[in-house]
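# What the coordinates show
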Amino acid sequence: MKILNNTVKITTPKKRVGRGIGSGKGKTSGRGVKGQKSRSGVAIKSFEGGQMPLYRRLPKRGFNSINKKKIAKINLDQLQTFLDNKRINPENLINLEILKQNKIINKTYLKFKILANGNLTTKINIEADFSSIAAKEKIEKLGGALKIKNQK
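Counting of residues starts from 1 at the beginning of each chain's written sequence and follows it residue by residue. pLDDT decides what is reported in this predicted model: residues at 70 or higher carry local features, side-chain atom pairs at 80 or more are listed and counted, and totals for whole chains, interfaces and linings draw on all residues regardless. The basis for every side-chain value is the complete set of non-hydrogen atoms in the structure, without hydrogens or water.

## What to know about the overall build of the protein chain
Threshold: Helix and strand labels come from DSSP, where a helix needs a run of H or I of at least four residues and a strand needs a run of E of at least two; each type is numbered from the N terminus. In this treatment the radius of gyration is a C-alpha quantity, and the globule benchmark scales as 2.2 Å times the residue count to the 0.38 power. Partly exposed describes any residue whose relative accessible area lies between the buried limit of under 20% and the exposed limit of over 50%, with all areas from a 1.4 Å probe on protein chains only and scaled to the type maximum. Between two residues, a contact is recorded if the distance between any of their heavy atoms is within 4.5 Å. All tallies of charge rest on Lys and Arg as positive and Asp and Glu as negative; His and the ends of each chain are not included. For charged residues, the charge sits on one atom: NZ in Lys, CZ in Arg, CG in Asp, CD in Glu.
If you tally the helices and strands in the protein chain, you get four helices and eight strands. Beginning at the N terminus, the succession of helices and strands in the protein chain can be written as β-β-α-β-α-β-α-β-β-β-α-β. Taking 152 residues into account, the globule formula puts the C-alpha radius of gyration at 15 Å, and the protein chain, at 32 Å, lies well above it. Taken over the C-alpha atoms alone, the protein chain extends approximately 90 × 50 × 25 Å along its principal axes. Buried positions account for 22% of the 152 residues belonging to the protein chain. A sequence separation of at least 24 residues applies to 39% of the contacts in the protein chain between residues at least 6 apart. Here the protein chain contributes 35 positively and 9 negatively charged side chains, and the mean placements of these two sets differ by 27 Å.

Below you can see the structure in the form of structure tokens.
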């Protein structure tokens with residue numbers, strides 16, 4: 001027994017099963033006689049005695065599309081921060097490849113969308129896959145250009 005900071009810490013020794021009759025946990029080591037639960041390496045996870053298990057009682061939910069495209073979303077205030085930190089050159093055309101090269105967008109993204117959150121103070125030319133209407137208005141208000149790919 002150890003006394004630390006006026007609290008008593010009691011540690012009980014580990015039960016040593018299968019060490020003789022006198023220990024109280026000898027022979028079958030407290031596992032009973034025969035059956036699946038008496039064997040080693042066997043677990044009956046989520047078995048509820050023949051009652052329908054919980055994971056089968058609950059309804060299936062959701063759907064994961066195998067054709068889902070990963071789309072990166074960039075707000076105007078994030079773009080402005082990158083322009084201020086000189087990670088993006090405002091004179092050049094800003095597109096997905098430039099953003100991937102400068103490690104602004106992860107290389108796993110296949111498309112990106114411009115969103116209008118925040119303010120933009122620099123004139124820029126952007127080529128994006130998607131854009132919100134408000135973002136397009138804000139970019140064109142400053143004299144910049146926003147080109148949407150694959151749009152007629």
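There is more to say, and it comes next.
## Notes on the packing of aromatic side chains
This is how it is decided: Geometry of aromatic contacts follows a simple scheme: Phe, Tyr and Trp rings, the Trp one being its six-membered ring, pair when their centres are within 6.5 Å, and the pair is stacked under 30 degrees between planes, edge-to-face over 60, tilted otherwise. Throughout this description, the term charge over a ring refers to an Arg CZ or Lys NZ atom that lies within 6 Å of the ring centre and within 35 degrees of the ring normal.
Summed over all chains, the structure comprises zero aromatic pairs. Over the ring of Tyr109 we find Lys70, and its NZ or CZ is 4.8 Å from the ring centre.

## As for unusual backbone geometry
Even without being glycine, Lys27 reaches a positive phi, approximately 50°. With respect to the helices and strands, the residue Lys27 is situated in the loop between strand S2 (7–9) and helix H1 (54–57). Judged by its relative accessible area of 81%, Lys27 is exposed. In this structure, Ser29 is a non-glycine residue whose phi angle is positive, near 60°. On the secondary structure map, Ser29 appears in the loop between S2 and H1.

## Regarding the nonpolar core
Note the threshold: Take the buried residues of types Ala, Val, Leu, Ile, Met, Phe, Trp, Tyr and Cys, join any two whose side-chain atoms come within 4.5 Å, and each joined set is a nonpolar core.
Membership of the largest hydrophobic core comes to 23 residues, with the highest contact counts inside it found for Leu79, Ile88, Leu99, Ile105, Phe112, Ile114 and Ile126. Going through the elements one at a time, strand S3 (71–75), helix H2 (76–84), helix H3 (96–101), strand S5 (111–115), strand S6 (125–128), helix H4 (133–141) and strand S8 (145–148) are the ones with two or more residues in this core. If you tally residues by element for this core, the top one is H2, at four residues. Beyond its immediate sequence surroundings of up to four residues, Leu99 is in contact with Ile74, Ile88, Ile94, Ile104, Ile105 and Phe112.

That is the geometry; function is a separate question.
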